[in-house]
Amino acid sequence: MRNMRTLVATMAAAGTCSLALTVAPQAAAAEDDMAWVSVFHGVPGLTVDVYANGDELLPDFEPGTLTDPQEMAAGSYDIKVFAAGDDPDSDDPAIEKKIDVPAGANATVAAHLDAEGQPQLTAFVNDVSDLDAGKSRLTVRHVAAAPAVDVRAGGQPVFEGLTNPNEDTAEVDAGTVSADVVLAGTDDVAIGPADLDLKEGTTNIVYAWGSAEDENLALKVQTLDGMHSDPASVPAGGNGAAAGANSTDAWLAWSAAGAIALAGGVLVLRRRAGQQG
């Protein structure tokens, strides 16, 4: 397992930075001053507790977990990460990042490893524009500590030479396909195969995450539906065929408490006390 002290030191060295979500021109706005945001935890071996303004909201947030999209006010949010056992009330965070969330965005914030195995935070804008009848949208995001890969469907390359932390997307015929991930330019399977149920009128986002060195590469699927509906309607979300349960109840409690609606509110990610790296 990767040494947690090294990860924390790297995160501390990164300091505070600004990570802006840019709204894609075709992205559908839920409300003039609101956005929809999901969070994906893609750092292997790191179970975290999530705090907002000092309140615990997502306890035991495990690797591979993806929250459903939740409505939040547009604005700036500070994210803080604490080392195991640190007190968020008295200790300095190992890392702090500001996320600027613009109105109308449908986005996923992913905590993951870069190609060299160092933790980072990447914000992706989800394409929720309308699709033609009989079509589905397939997006693949490379968020794994791994070299460039090709993504195949039914044995045929769909995306080639994809590198971390980039993504690629295509509109495809709706239906079930068998997908796998191979090292770029080869037939060496790194992940899969896995069946993807690409329903009509949905955006299906596949995250290739984990670490090639630690041999824990995996796929996570995020499904957004309603691509034929009124663009002002509430975007539904799910995890498709991927393994791993959501922490939906805790996430909804966050929204209900109104903490997320505070522009400039503080999110704190802290490793569960005693968790080994």
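Only a predicted model underlies this, so the values are computations on that prediction, with no experimental measurement involved.

Quick notes on the rules
Position numbers for residues count from 1 along each chain, tracking the sequence in the order it is written. Whole-chain, interface and lining totals are the exception, using all residues; otherwise, since this is a predicted model, local features are given only for residues with pLDDT of at least 70 and side-chain atom pairs are given and counted only at 80 or more. Computation of side-chain values covers all heavy atoms of the structure but excludes hydrogens and water. For the purposes of this entry, the term helix denotes a DSSP run of H or I that reaches at least four residues, the term strand denotes a run of E that reaches at least two, and both are numbered from the N terminus. Summary of the burial criterion: residues with accessible area below 20% of their type's maximum are buried, those above 50% are exposed, and those between are partly exposed, where the area comes from a 1.4 Å probe applied to protein chains only. Residue contacts are defined here by distance: any two heavy atoms, one from each residue, within 4.5 Å place the two residues in contact. Throughout, the Shrake-Rupley method with a 1.4 Å probe supplies accessible areas, and for residues the shown protein chains are the sole cover considered. Two strands qualify as a pair provided DSSP detects at least 2 bridges between them. Put simply, a nonpolar core is a bunch of buried Ala, Val, Leu, Ile, Met, Phe, Trp, Tyr and Cys residues held in one set by side-chain atoms that sit within 4.5 Å of each other. In this analysis, axes come from line fits to C-alpha atoms, helices being fitted only over the stretch in contact, and the angle between any two N-to-C directions falls in the range 0 to 180 degrees. Two N or O atoms count as a polar contact when they lie within 3.5 Å, although within protein this holds only if one can serve as hydrogen donor and the other as acceptor, and sequence-adjacent residues are included solely when both atoms are side-chain atoms. Pairing of aromatic side chains here covers Phe, Tyr and the six-membered ring of Trp, requires ring centres within 6.5 Å, and sorts the geometry by plane angle: under 30 degrees stacked, over 60 edge-to-face, intermediate tilted. The pLDDT value tells you how sure the predictor is about a given residue, anywhere from 0 up to 100. Each reported salt bridge corresponds to a side-chain nitrogen of Lys or Arg within 4 Å of a carboxyl oxygen of Asp or Glu.

**Regarding the overall build of the protein**
From N to C terminus, the protein includes two helices and 19 strands. In the protein, buried positions account for 48% of the 277 residues. Within the protein, contacts between residues separated by at least 24 positions form 66% of all contacts whose residues are at least 6 apart in sequence. Accessible surface for the protein amounts to roughly 11,800 Å². Of this, 49% is attributable to carbon and sulfur atoms.

**Digging into the pairing of strand β14 (residues 175–183)**
Sheet analysis places strand β11 (residues 149–153) next to β14, joined by five bridges and oriented antiparallel. Paired with valine 149 across the two strands is leucine 183, which belongs to β14. Pairing geometry for β14 and strand β15 (residues 189–198), over seven bridges, is antiparallel. Pairing of valine 177 across the sheet is with leucine 196, part of β15. Counting the residues that bridge the hairpin from β14 to β15 gives five residues, and of these glycine 185 lies at a positive phi of roughly 80°.

**Some words on the nonpolar core**
Counting 20 residues, the largest nonpolar core has Ile99, Val101, Val109 and Leu121 as its most contacted members. Taken together, the elements giving at least two residues each to this core come down to β2 (34–42), β5 (70–73), β6 (75–82), β7 (95–101), β8 (106–113) and β9 (119–125). Counting 15 residues, the second largest nonpolar core, distinct from the first, contains Val151, Ile191, Val206 and Leu219.

**As for the sheet that holds β8**
Strand-to-strand pairing in sheets goes through backbone hydrogen bonds, with the strands running parallel or antiparallel. Read from one edge of the open sheet, four strands run β5-β2-β8-β9, paired in mixed fashion. Each edge of the open sheet is held by one strand with a lone partner, namely β5 and β9. Mean inter-strand twist for the sheet, computed between neighbouring axes without regard to direction, equals 35°. Summarising the sheet, β2 and β8 pair through seven bridges and their orientation is parallel. The residue bridging glycine 42 from the neighbouring strand is histidine 112, located in β8.

**Here's the deal with the environment of histidine 112**
Relative to the assigned elements, histidine 112 resides in strand β8. Sequence separation of histidine 112 and histidine 142 is 30 residues, and the distance between their C-alpha atoms is 9.8 Å. Dropping the residues within four chain positions of it, histidine 112 is found in contact with Gly42, Val43, Gln118, Pro119, Gln120, Thr122, Val143, Asn164 and Pro165. A polar contact is formed between the side chain of histidine 112 and the side chain of threonine 122, at a distance of 2.7 Å.

**So, the packing of aromatic side chains**
Counted under the stated rule, the structure contains two aromatic pairs. Considering the side-chain rings of phenylalanine 40 and tryptophan 209, the 5.9 Å spacing of their centres and the 90° angle between planes classify their relative orientation as edge-to-face. With phenylalanine 40 in strand β2 and tryptophan 209 in strand β16 (residues 203–211), the pair connects residues that are 169 residues apart, well separated along the chain. With respect to class, phenylalanine 40 is no different from tryptophan 209; both count as buried. One aromatic cluster is present, formed by Phe40, Tyr207 and Trp209 through successive ring pairs.

**A closer look at the confidence of the model for the protein**
Taken as a whole, the protein shows an average pLDDT of 74; of its residues, 62% reach a score of 70 or greater. Low pLDDT, under 50, characterises residues 1–19; the predicted model gives this stretch 37 contacts beyond four residues in sequence or across chains.

**Observations concerning the pattern of salt bridges**
Inspection of the entire model under this criterion finds seven salt bridges. In this structure, arginine 152 and aspartate 180 form a salt bridge, with 2.7 Å as the shortest nitrogen-oxygen distance. Note that arginine 152 is positioned in strand β11 and aspartate 180 in strand β14, a separation of 28 residues in sequence. This pair shows no difference in class: arginine 152 is buried, exactly as aspartate 180 is. Residues lysine 199 and aspartate 197 are paired through a salt bridge, measuring 2.9 Å at the closest nitrogen-oxygen approach. The class of aspartate 197 is partly exposed, set by a relative accessible area of 41%. It is possible to trace a salt-bridge network through shared partners that takes in Asp127, Arg137 and Glu171.

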